[in-house]
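# Residue-level structure breakdown
Next come the chains, spelled out residue by residue.
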Amino acid sequence: MSDISGKVVAITGASSGIGEATARLLAGRGAAVVLGARRTERLEELAESIRASGGRAATRTTDVTRPADLERLVAGAVDEFGRLDVLVSNAGIATIGPVSDLDTEGWSAMIDVNLRGVLHGIAAALPVFRRQGRGHLVTTVSTAGLKIVPHQAVYAATKNAVRTLLEGLRQESTDGVLRTTSISPGYVRTELADSIDNPEVRAKIRRSMAESAIAPEAVARAIAFAVEQPHDVEIGEITIRPTTQG
Ligand code: NDP
């Protein structure tokens, strides 16, 4: 039997892209999924489609910049399915551009969603994991944090901050209760470029994605690999990119 079957998994950013693909894959393998994002209608459609295929899914409208929304997402897992085994902190935006654009609003938005959003998830989930005696935190970071390229400095900084955060949390969690996993995707075919305001940068990223990008289902499979391991095995980091990406 799959080690995913029977697990309860909450996913932020579940309304599209990697989050949606992860929800479909894990639910198809027997997990109960609790879907969080701001676009409620898309969450409902996804939950309906999972249920129609015999899966278990619930939704909670979630803006990860609001700590109370993460509390509600985690409580939703416990209320609907009795526990929370995995939190996939996946919500993210890429309001990228050259630092010289001085897009202070875009910088703050990335810090609020990509970094604070993960912290709010940790604050909500950790007490539940500790009470249960086990739990797993998975985050979607990026190869942008590993290979620094122009136009992505602040985005990369938020992703590297999360990677650092998870390693610190891991070091504090050697009592065996918590597993942490950072997934670093390269280009993935999703809606992420829609959040880029700078038209030249948006066109460039869209070109790169058209030339060389993997499907979100590939990242979902990497997440499933980390989740399906027995609890004494922690997959700390996975890098996954198109074979042709430089
Ligand atoms: P999408 O744009 O398809 O998905 C992003 C998700 O984040 C959406 O579900 C969106 O939902 C959600 N989101 C955005 N802001 C918030 C918020 N304030 N609160 C809650 N949810 C929010 O892109 P991806 O699937 O590609 O992105 C998923 C993750 O993968 C991100 O963290 C991204 O940085 C990372 N990543 C993506 C790569 C790529 O090439 N696509 C490469 C490396 C990493 P909604 O708008 O409904 O709230």
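Further up the page is the structure itself.
So, a few notes on the structure that sits alongside this text. (Residues numbered from 1 in each chain as written. Predicted model: local features only at pLDDT ≥ 70, side-chain atom pairs only at ≥ 80, totals over all residues. Heavy atoms only, no water.)

This next bit is on the overall build of the chain. Broken down by element type, the chain carries 7 helices and 7 strands. Starting at the N terminus, the α and β elements of the chain follow one another as β-α-β-α-β-α-β-α-β-α-β-α-α-β. For the chain, whose C-alpha radius of gyration is 17 Å, the value lies close to the compact-globule estimate of 18 Å for 246 residues. Its C-alpha atoms give the chain principal-axis dimensions of roughly 50 × 40 × 35 Å. Taken over 246 residues, the chain has a buried fraction of 53%. (Helix = DSSP H or I, 4+ residues; strand = E, 2+ residues; numbered from the N terminus. Rg over C-alpha atoms; globule rule 2.2 N^0.38 Å. Buried < 20%, exposed > 50% of the residue type's maximum accessible area, 1.4 Å probe, protein only.)

Attention now moves to the environment of tyrosine 187. Assignment of secondary structure puts tyrosine 187 in the loop between strand 6 (178-185) and helix 6 (199-211). For tyrosine 187, a relative accessible area of 22% puts it in the partly exposed group. Taking the C-alpha atoms as reference points, tyrosine 187 and alanine 21, separated by 166 residues in sequence, lie 15 Å from one another. Once residues within four sequence positions are removed from consideration, tyrosine 187 is found in contact with Gln152, Ile205, Ser208, Met209, Ser212, Ala213, Ile214, Pro242 and Gln245. (Contact = heavy atoms within 4.5 Å.)

What follows concerns the sheet that holds strand 3 (residues 56-61). Two pairing modes exist for strands in a sheet, parallel and antiparallel, and in both the strands are linked by backbone hydrogen bonds. Spatial ordering of the open sheet is given by 3-2-1-4-5-6-7, a layout of 7 strands whose pairing is parallel. Of all the strands in the sheet, just strand 3 and strand 7 (237-240) have a single pairing partner and so form its edges. Geometrically, the sheet is characterised by an average inter-axis angle of 15° between neighbouring strands, direction not taken into account. Of the pairings in the sheet, the one linking strand 4 (residues 86-89) to strand 5 (residues 135-140) comprises 4 bridges and is parallel in character. Opposite leucine 87, over in strand 5, you have leucine 137 as the bridge partner. Strands strand 2 (32-37) and strand 3 of the sheet are contacted by helix 2 (residues 40-52), whose axis makes an angle of about 170° with strand 3. In this fold helix 3 (residues 67-81) packs onto strand 1 (8-12), strand 2, strand 3 and strand 4, with an angle of close to 155° to the strand it touches most, strand 3. (Pairing = 2+ DSSP bridges. Axes fitted to C-alpha atoms, helices over the stretch in contact; angles between N-to-C directions.)

This brings us to the environment of glycine 236. Along the chain, glycine 236 falls in the loop between helix 7 (216-228) and strand 7. Residues glycine 236 and proline 127, 109 residues apart in the sequence, show an inter-C-alpha distance of 21 Å. Sequence-distant contacts of glycine 236, defined by excluding residues within four places in its chain, comprise Thr180, Thr181 and Ser182.

Moving on, we get to the pattern of salt bridges. Within this structure, the stated rule accounts for 13 salt bridges. For the salt bridge of arginine 24 with glutamate 20, the shortest nitrogen-to-oxygen distance reads 3.1 Å. With arginine 24 and glutamate 20 both in helix 1 (residues 17-28) and 4 residues apart, this pair spans about one turn of that helix. Owing to a relative accessible area of 22%, glutamate 20 belongs among the partly exposed residues under this scheme. One salt bridge in this structure joins arginine 29 and glutamate 228, with 2.6 Å as the shortest N-O distance. Linking arginine 29 in the loop between helix 1 and strand 2 with glutamate 228 in helix 7, this pair joins segments that are 199 residues apart in sequence. Overall, arginine 29 belongs to the partly exposed group, its relative accessible area being 30%. Through salt bridges that share partners, Arg39, Arg42 and Glu191 make up one connected network. (Salt bridge = Lys/Arg side-chain N within 4 Å of Asp/Glu carboxyl O.)

Between two packed helices, the angle of one axis relative to the other and the distance separating the axes together describe the packing. At a closest axis distance of 8 Å, the pairing of helix 3 and helix 4 (residues 104-132) adopts a crossing angle of 40°. On the basis of the axis angle, helix 3 is oblique to helix 4. In this structure, the crossing between helix 3 and helix 4 has a hand that is right-handed. Facing Pro67, Leu70, Glu71, Val74 and Val78 of helix 3, the residues of helix 4 in contact are Gly117, His120, Gly121, Ala123, Ala124, Ala125 and Val128. Looking at the contact of helix 3 with helix 4 residue by residue, the classes come out as 8 nonpolar, 3 polar and 1 charged. (Parallel < 35°, antiparallel > 145°, perpendicular 65-115°, else oblique. Left-handed = near helix turned anticlockwise from the far one by under 90°. Nonpolar A, V, L, I, M, F, W, Y, C, P; charged D, E, K, R; others polar.)

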